[in-house]
Amino acid sequence: MSKIWYPYAQHKHLSTPLEVTHADGVFLTLSDGHQLIDGISSWWSTIHGYNHPRLNKALTSQLNDFSHVMLGGLTHAPAQNLASCLIDITPEGLNHVFYADSGSVGCEVALKLAIQFWHNKGRSQKTKFLALNRGYHGDTCGVMSVGNPEDDCPSMHRIFSGIMPSQYFVSEPKMGFNADPHQLQADLDQLTQMITQHHDSLAGFILEPIMQGAGGFNFYSPDYLRAAYELCKAHDVLLICDEVATGFGRTGTLFASNHANITPDIMVLGKALTAGYTGHSATLTTSAIFDQFWSDSFQDAFMHGPTFMGNPLACAVAYESIQLFQEEHMLDNIKCIDSHLQSALLSFEHDHVIDTRVLGAVGVIEVSDARYLKGFQDYALRNGVWLRPFDRYLYTTPPYCISLDQLSQVTSTMTQWFSSHHYPHYT
Ligand SMILES: *Cc1c(COP(=O)(O)O)cnc(C)c1O
């Protein structure tokens, strides 16, 4: 019987989780001494690898000063320095930072800010959100309401539908990152129709820019994002870019919004923000939004304040992670990872593989049926690699410090699976 309740798991069928006793660079060391290359950066977060001397130092040095104080009525240099740094590196015009303790809560903050922004402007009928099918914005109730509404992929939300607000959805863009503008027309027509029809009740449009992650690694064109931005502007709908997964280089640019050269009204950062050292998130807004909460009335203020918002340890390590990212030209590493992933995965063919795709430091093999990935995780362990496919997707999101040899070990594990004798043959 498990004392720990593990995530997304049917405990009756859960095999014993592997115990990690040490982690260093790209390697996880297990209690039996085995070393594994982490091919998924602990859910996209540990971008610089584990146990990084500079990140450790930033953390211990802050620890020796103080590890936490409330941000209500108190402030501190780590929170201030990180805010300045985030404002510098995110798209021009994002000038204010609200901290929270996880990506889900960061997105909740984004939704609440959007609704109250319109309320403070005297347009209190704008309380709904538009979202993309197959989107994912976290597991708390507010953001579940803007997550994938369909039942085809692991959708855990249906039984909660009674307590969630109902929102508007459009199909996810279907034509890929390099789609020609004319191929986007059908998706854009649908988006245009939804926005023109419902803008009076819409507070915002929330999406994962360029890459939908948990909903199945759907990569889409910057032209779509750009058009969404223009439509939102034209119809008084706030654009909320959830960059919790895409932020900090994952799609090949520092932020996915950079591909379309846009400044969203609200941007949410999480996961890699602290390089995977601690939970934290940052919700950034423009001054136009901030100013709408600025008045002589307390009623206009934003009533939200997680206990651990702006935690000094989180802020100190996040700040150091960004310095490291820039000093070590991490975008160049990501380019190398991208070209390796392209040459290893894009031409791979197999009867049950329906697509392979790569963007930045994300590589995906999509199979026609989840059963073809059954047993893969154990196979990868025997190859010294930690990968954890979900649904029909076999994917890697490696740490940016991975060497090309190590990356080859990851990608050959992914492709050789299909010719290994462990591969399940269904008729
Ligand atoms: C993981 C994720 C979240 C939720 O972040 P948590 O820290 O797990 O709460 C939100 N949005 C996206 C796009 C994510 O990938």
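Refer to the structure above for everything that follows.
Keep in mind it's a predicted model, so treat the numbers as computed, not measured.

A closer look at the pairing of strand β1 (residues 20–24)
Part 1 of the argument: Bridge analysis of β1 against strand β2 (residues 27–30) gives four bridges, and the strand direction is antiparallel. What sits directly across from His22, in β2, is Thr29.

Let's talk about the side chain of Gln116
Part 1 of the argument: Inspection of the secondary structure assignment puts Gln116 in helix α4 (residues 103–120).
Part 2 of the argument: The exposure class assigned to Gln116 is buried, which follows from its relative accessible area of 16%.
Part 3 of the argument: From its side chain, Gln116 meets the backbone oxygen of Asp300 in a polar contact 3.1 Å long.

Regarding helix α9 (residues 312–327)
Part 1 of the argument: With 16 residues, α9 should cover 22 Å at 1.5 Å per step; its first-to-last C-alpha distance of 22 Å lies within 8% of that length.
Part 2 of the argument: Along α9, 13 of the 16 residues are buried, which leaves the element largely enclosed by surrounding structure.
Part 3 of the argument: Capping the start of α9, Asn311 holds a side-chain oxygen 3.1 Å from the backbone nitrogen of Leu313, two or three residues further along.
Part 4 of the argument: One or two steps after α9, the chain reaches His329, where phi turns positive at roughly 50°.

As for unusual backbone geometry
Part 1 of the argument: In this model, Asn261 sits at a positive phi of 55°, which is unusual for a non-glycine residue.
Part 2 of the argument: By secondary structure assignment, the location of Asn261 is in the loop between β10 (238–242) and β11 (266–269).
Part 3 of the argument: On the basis of relative accessibility, which here comes to 66%, the residue Asn261 falls in the exposed class.

Some details on the environment of Pro181
Part 1 of the argument: Inspection of the secondary structure assignment puts Pro181 in the loop between β6 (168–170) and α6 (185–198).
Part 2 of the argument: Remark: the alpha-carbon pair of Pro181 and Tyr224, spanning 43 residues in sequence, is separated by 8.2 Å.

Calculation rules
- Here the residue numbers are simple positions, counted from 1 along each chain's written sequence.
- Under the rules for a predicted model, residues below a pLDDT of 70 receive no local features and side-chain atom pairs below 80 are neither given nor counted, while totals for whole chains, interfaces and linings still include all residues.
- As a rule here, side-chain values cover all heavy atoms of the structure and leave hydrogens and water aside.
- In short, DSSP must find at least two bridges between two strands for them to pair.
- The helix and strand labels rest on DSSP assignments: H or I over at least four residues marks a helix, E over at least two residues marks a strand, and numbering proceeds from the N terminus.
- Working definition: with a 1.4 Å probe on protein chains only, accessible area under 20% of the residue-type maximum means buried, over 50% means exposed, and in between means partly exposed.
- Throughout this description, a polar contact denotes any pair of N or O atoms lying within 3.5 Å of each other; where both atoms belong to protein, one of them has to be capable of donating a hydrogen while the other can accept it, and for residues adjacent in sequence the pair is counted only when both atoms sit in side chains.
- In this scheme, a helix's expected span is set at 1.5 Å multiplied by one less than its residue total.

From the geometry alone we can't say anything about function, so treat these as descriptive.
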